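Summary of structural features
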Amino acid sequence: MVGRVLWIVGVLACVVAVGLFGAGAQEVEDPDAPVDLRFTVWTGADSHLQLLNSIAEDYSQENPNVSVEFATIPFADYVTNVTVQLAGADKPDAGWLVETNAPEFIQAGVARDVRSEAERYDMDDWFEPALELWRDGDRLYGLPFSTSPFLILYNVDLFEEAGVPTPRELSARGEWTWERFAEVSQAIREETGVYGFQTMDGQGFDIRVWHTLIPIMRSYGTDVWDEDNNVTLNTPEAVQAVQLFHDMVFQDESVVPPGDRSDFYVGDAAMTVGQISRVPQLEEADFEWSMAVMPEGPAGRGDVIGQAGVVAYSAGEHGDIAADFVGFMTNKENVARLAEFFPPARKSVLESEEFLAANPDIPAELMREVVADSIQVGRVLTPHVNFSEIDLESRGAFDELWRRDADVQAALDRVAEVIEPLLRQ
Amino acid sequence: MTQARRNSISGYLFIAPQFVGFLVFVLGPIVAVFVFSLQSRSLLTGESTFIGLQNFRRMFFEDGLFLVTMRNTLVFAGGLVPANMALALGLALALSRGRRGVGFFRTVYFAPVVTSAVAWAIVWRFLLEADRGLVNQYLSVFSITGPNWLREPGWAMLSVIVNRVLKNLGMNMVIFLAAVINVPGEYYEAATLEGANAVQRFRHVTFPHIMPTTMMVLVITLVGSFKVFDTIMLMTQGGPGHATTVLVYYIYFQGFRVFRTGYASALSVVLFVVVFALTLAQWSARKRLSHYET
């Protein structure tokens, strides 16, 4: 009897052991064995996914055993989810990576070197500054698929209704400054009752707080921190810049305030900061819209580029194939296709007539004026190797800033205090 | 082998499948958390080194945010538990008698319990918006300018507490209702004949009878309030500032937002110890305070 019991227990233990560890057993790789690559992205827009899928299909034509599946993770949770997935059993193979987190991911060894794969596709064609973020010595940890300047999207109908000149008209007259921006925003609020401005995707007081502050601070001649990791977001120029915006939100009340869901894309605000990847959201808009460059400050234009790259995750199971796909995805032909939504960092594409016509909803002259020219002069969002922590730890201090009675200088000093040690780590 | 021994062996075999699952999926991770709490681990790099009790030293002596978090957790529990229990008991008493329409009201108060917590929190976030929120629009009818509920420190905490009370009230109400209905009617009859009024009947008949239930509801509600996460995550993300950062949200923040898995594990150990101690304390209190436990 005891023997039988032991036998049953033994079998049970084996079943559990096989179940637990069997999955981890490595099989010998057969070059023609079917491979499913999982590629993480933060877009859920149909038009974006259709384009990505068509690139994946072309890749499968050349490599019949490989299929690529795009997995959408919302932007707000992207870094967290990718990190957790990479630490888990079902690891993604490749994906998008936003510039602000690039140094951190590269230093942590999350992205793998893709130089040899990239070299198959004319490396000299890349616009040199655009690769800076992705390079470390001889190694290349990713390739930019989107080098997309921030721009002002605006609702032409609301400007007409309020009887104020549009950003593009002001820009043509050389009057498109942050002060004028604040004035038209207030005029629209007063004349139409609709908010004049909404921060980028309505997230500008929390997860996109840097996207709100960096453009205005740069055009006032400063930034959130400098190249030597000194905090500069509480300098007199920075305070002046933020004060202007703070007054717009809390005195003029012309900006969609924190916690409110009024949305530019459905007509609840007259202007917002966007990129051309946002244009598909305007497909069903029942108002006429257009776009302009960002306003100028005392130090001129502070063009900001939001950059995103494609990387192959070093933890992924099919590293070589993933790296190969990353190279393929950013070859000349595919960068030209992506240019409909994601402005290119390849010179040949950027300088082509096709790029200016890449998005049927955007006239060529706008594409040149607002997008192509800004790419040449713009700088990427200010990165840091400790970005996740800086971003999250500072949010508490920023909440103090976004109060009606806030002392802008004091609030920014407080933010500076929080991020200073993190910048130096 | 004796019959008894044989029986016990087959008994163990029957529970084996479930127990193996428990070992692998519950006990294993708990033990792992204790081990991780002694390490410096990064979710991002996958590196880990043994650092002894340094995580705990940091928590109690260096990390000011930990103390803020503990205070917030206590404020949350201190607000939620009494409000929830008092309302649940009050409703149970009011709805225990067979008046017309009790079924309807019982359903109304229980409905939030079966509602998806995520949908509930998101809808409430809309209702509590500053200008366009229904709550403030309703207040403006009486010329009251409501605060930006989820964006101002004191109001944000109050909002999540009230929200959580409304969401889970129904469950405690039903448990109390069952207890109240089960008090034998002859005691009330006897008390009434002795001239006891309603307050005295509650004080001397109902309350002693439902004491075991009250203690159980207290344990569940208190432990639940220490473990609150979804409401905070969906409504305030711990903000504004750190005004609603409670312990479990802080564990999530450290572990999954800034990738310090070791430190997050140490925080989890503290949560485990607190909840365990509370449960033990109430278990012993329950034995002393309940006269009717069977």
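Everything numeric here is computed off the predicted structure, so don't read it as measured data.

Describing the overall build of chain B
A tally of regular secondary structure across chain B gives 13 helices and two strands. If one aligns the C-alpha atoms of chain B with their principal axes, the spans along those axes are about 80 × 75 × 35 Å. Sequence-distant contacts, at least 24 apart, represent 68% of the contacts inside chain B between residues at least 6 apart. Put simply, chain B shows about 15900 Å² of open surface, and 68% of that area lies on carbon and sulfur atoms.

A short note on the packing of helix H4 (residues 102-114) of chain B against helix H7 (residues 153-181) of chain B
Residue and element names in this part refer to chain B. Here H4 crosses H7 at 130 degrees, and the two axes come no closer than 6 Å. The angle between H4 and H7 falls in the class oblique. Relative to H7, the crossing made by H4 is left-handed. Between H4 and H7, the contacting residues are Arg106, Tyr109, Phe110, Pro112 and Val113 on the first element and Leu166, Lys167, Asn168, Gly170, Met171, Met173, Val174, Leu177 and Ile181 on the second.

So, the interface of chain B and chain A
Contacts between the two partners involve 29 residues from chain B, matched on the other side by 36 residues from chain A. Contact between chain B and chain A buries roughly 2800 Å² in total, counting both sides, with carbon and sulfur atoms accounting for 61%. Among the residues chain B hides against chain A, the three largest losses belong to B:Leu44, B:Arg151 and B:Arg257. Together they make up 22% of the total. Remark: the boundary between chain B and chain A carries five salt bridges. Along the contact surface separating chain B from chain A lie eight residue pairs in polar contact (both at pLDDT 80 or more). Contributing elements (two or more residues each) for the side of chain B that touches chain A: helix H1 (3-36), helix H5 (117-127) and helix H12 (247-257) of chain B.

Regarding the sheet that holds strand E8 (residues 195-198) of chain A
Residue and element names in this part refer to chain A. Reading across the sheet, the four strands line up as E8-E9-E7-E10 and stay open at both edges, with mixed pairing between neighbours. Pairing within the sheet leaves two strands with one partner each, and these edge strands are E8 and strand E10 (289-292). Direction aside, the axes of adjacent strands within the sheet are offset by 20 degrees on average. Contacts from helix H8 (residues 178-192) reach strand E7 (151-155), E8 and strand E9 (269-274) within the one sheet, and its direction differs from that of E8 by about 130 degrees.

Side note on H7(B)
The terminal C-alpha atoms of H7(B), which comprises 29 residues, lie 41 Å apart, in line with the 42 Å expected from a rise of 1.5 Å per residue. B:Asn168 marks where H7(B) bends most, by close to 45 degrees.

Observations regarding the domain arrangement of chain A
All names here are of chain A. Looking at chain A, the domain boundaries give domain 1 (36-149 + 306-380) and domain 2 (151-302 + 386-424). The gap between the C-alpha centroids of domain 1 and domain 2 is 27 Å. With 28 residues of domain 1 in contact, the opposing surface of domain 2 contributes 20 residues. Counting each side, the surface lost to burial between domain 1 and domain 2 is near 2000 Å², with a carbon and sulfur contribution of 57%. Per-residue buried area on domain 1 facing domain 2 is highest for Phe75, Leu366 and Val370; these three make up 22% of the total on that side. At the surface where domain 1 touches domain 2, the tally comes to two salt bridges. Where domain 1 packs against domain 2, one counts 10 residue pairs in polar contact (both at pLDDT 80 or more). For the side of domain 1 that touches domain 2, the secondary-structure elements that each account for two or more residues are helix H2 (46-62), strand E6 (143-149), helix H15 (364-377) and strand E12 (379-380). In terms of residue count, the dominant contributor to the side of domain 1 that touches domain 2 is H15 (seven residues).

Basis of the calculations
- Residues numbered from 1 in each chain as written.
- Chains lettered and ligands numbered in written order.
- Predicted model: local features only at pLDDT ≥ 70, side-chain atom pairs only at ≥ 80, totals over all residues.
- Heavy atoms only, no water.
- Helix = DSSP H or I, 4+ residues; strand = E, 2+ residues; numbered from the N terminus.
- Contact = heavy atoms within 4.5 Å.
- Areas by Shrake-Rupley, 256 points an atom, 1.4 Å probe, with all protein chains shown as cover.
- Axes fitted to C-alpha atoms, helices over the stretch in contact; angles between N-to-C directions.
- Parallel < 35°, antiparallel > 145°, perpendicular 65-115°, else oblique.
- Left-handed = near helix turned anticlockwise from the far one by under 90°.
- Buried area = accessible area lost by both parts, 1.4 Å probe.
- Salt bridge = Lys/Arg side-chain N within 4 Å of Asp/Glu carboxyl O.
- Polar contact = N/O pair within 3.5 Å; in protein donor to acceptor, adjacent residues only side chain to side chain.
- Pairing = 2+ DSSP bridges.
- Expected span 1.5 Å × (residues − 1).
- Bend = angle between axes of the 7 residues up to and from the residue.
- Domains from an automatic or database assignment.

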